[in-house]
Amino acid sequence: DELFFDADRALEVQREGDWSLQPLGMDEACDDLLKPRADELVETGNLVIELHHRGRRVALAAIELEPRTGLEELVAAAQKAEMRVFVASDDSEVLERLSADDRIATTATLVDTVTRLQSEGYVVCTLASRQPDALRASDCGIGLHLEDESAPWGAHIICGPDLSDVEFIISA
């Protein structure tokens, strides 16, 4: 069975059949057996949601929201691990925005760039959502599996769209 909680809509009422989820306090104050626990959970500072069945509150949960890792944090993690970061882009300003070490123009195919860097003595880790040949040719190909896209099967490792898993791999 699939869960019907959608984190992107955490502050809205979410319904599925006789069940609903909503942030604590959307309805008038509820004085039931869960009230003492609700008061405790509110003190944690996390988002507290209520699970209702046929209009009656039956459970509570505290949701800890974690920020997603972005490209800036990923580049910083790679540089902290003493890796040189190359970004494949035709945008000359990408180096300023991402603090990357170098830019690779997209006029050449990425797989050719990977093999050239390897011939120059680099160990190459490629992060891409496509480019199966470049992922396969890399010493470590990390594929990003984005929503509504096919999996990057050329990769050695496949991660979801949140870059925190990739950051963990690079930091290891």
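As shown above, the structure is provided for reference.
First things first, this report covers the structure right here in the doc. (Residues numbered from 1 in each chain as written. Predicted model: local features only at pLDDT ≥ 70, side-chain atom pairs only at ≥ 80, totals over all residues. Heavy atoms only, no water.)

**Examining the packing of aromatic side chains**
Stage number 1. Under the definition given, this model contains 1 aromatic pair.
Stage number 2. Ring geometry for Phe86 against Tyr122: centres 5.9 Å apart, planes inclined by 80 degrees, an arrangement best described as edge-to-face. Of this pair, Phe86 sits in strand 5 (residues 86–88) while Tyr122 is found in the loop between helix 4 (110–119) and strand 7 (125–128), placing the two residues 36 residues apart along the sequence.
Stage number 3. Classification of Tyr122 as partly exposed rests on a relative accessible area of 29%. (Phe/Tyr/Trp six-rings, centres within 6.5 Å; stacked < 30°, edge-to-face > 60°. Helix = DSSP H or I, 4+ residues; strand = E, 2+ residues; numbered from the N terminus. Buried < 20%, exposed > 50% of the residue type's maximum accessible area, 1.4 Å probe, protein only.)

**Thoughts on the nonpolar core**
Stage number 1. In this structure, Leu74, Val85, Val87, Leu98, Leu163, Val166 and Ile170 are the most contacted members of the largest nonpolar core, which totals 14 residues.
Stage number 2. For this core, the secondary-structure elements that each account for two or more residues are helix 2 (71–80), helix 3 (94–98), strand 8 (140–144) and helix 6 (164–171).
Stage number 3. The contact partners of Ile170, leaving out residues within four places of it in the chain, are Leu74, Ala77, Ala78, Ala81 and Met83. (Core = buried A, V, L, I, M, F, W, Y, C linked by side-chain atoms within 4.5 Å. Contact = heavy atoms within 4.5 Å.)

**Side note on the packing of helix 2 against helix 6**
Stage number 1. Axis separation between helix 2 and helix 6 bottoms out at 9 Å; the angle between their running directions is 5 degrees. In terms of their interaxial angle, helix 2 and helix 6 are classed as roughly parallel. Touching Glu73, Leu74, Ala77 and Ala78 of helix 2 are Val166, Glu167, Ile170 and Ser171, all from helix 6.
Stage number 2. Of the residues assigned to the contact of helix 2 with helix 6, the class counts are 5 nonpolar, 1 polar and 2 charged. (Axes fitted to C-alpha atoms, helices over the stretch in contact; angles between N-to-C directions. Parallel < 35°, antiparallel > 145°, perpendicular 65-115°, else oblique. Nonpolar A, V, L, I, M, F, W, Y, C, P; charged D, E, K, R; others polar.)

**A word on the environment of Ala78**
Stage number 1. Tracing the chain through its elements places Ala78 in helix 2.
Stage number 2. The class of Ala78 is buried, set by a relative accessible area of 6%.
Stage number 3. Sequence separation between Ala78 and Ser171 is 93 residues; the distance between their C-alpha atoms is 7.0 Å.
Stage number 4. With near-sequence residues (within four places) excluded, Ala78 lies in contact with Met83, Val85 and Ile170.

**Some points on the sheet that holds strand 7**
Stage number 1. Spatially, 7-8-9 is the arrangement adopted by the 3 strands of the open sheet, whose pairing is parallel. Since the sheet does not close on itself, it has two edges, and those belong to strand 7 and strand 9 (157–159), each with one partner. The sheet shows a mean angle of 20 degrees between the axes of neighbouring strands, direction not considered.
Stage number 2. Looking at chain direction, strand 7 and strand 8 are connected through 4 bridges and run parallel. Paired with Ala128 across the two strands is Gly143, which belongs to strand 8.
Stage number 3. Where helix 6 meets the sheet, it contacts strand 7, strand 8 and strand 9, and its direction lies at approximately 140 degrees from that of strand 9. (Pairing = 2+ DSSP bridges.)

**As for the sheet that holds strand 1 (residues 14–16)**
Stage number 1. Strand order in the open sheet made by the 4 strands is 1-2-3-4, with antiparallel pairing throughout. Edge positions in the open sheet fall to strand 1 and strand 4 (56–63), since each of these has one partner strand only. Strand after strand, the sheet turns through a mean of 20 degrees between neighbouring axes, direction not considered.
Stage number 2. Packed on one face of the sheet, helix 1 (residues 35–42) meets strand 3 (47–53) and strand 4 and runs near 20 degrees to strand 4.

**Here we look at the side chain of Thr126**
Stage number 1. Position of Thr126 relative to the elements: it lies in strand 7.
Stage number 2. If we skip the residues at most four places from it in the chain, Thr126 touches Leu110, Val114, Ala134, Leu135, Ser138, Cys140, Gly141 and Ile142.

By themselves, these figures tell us nothing about what the structure is for.
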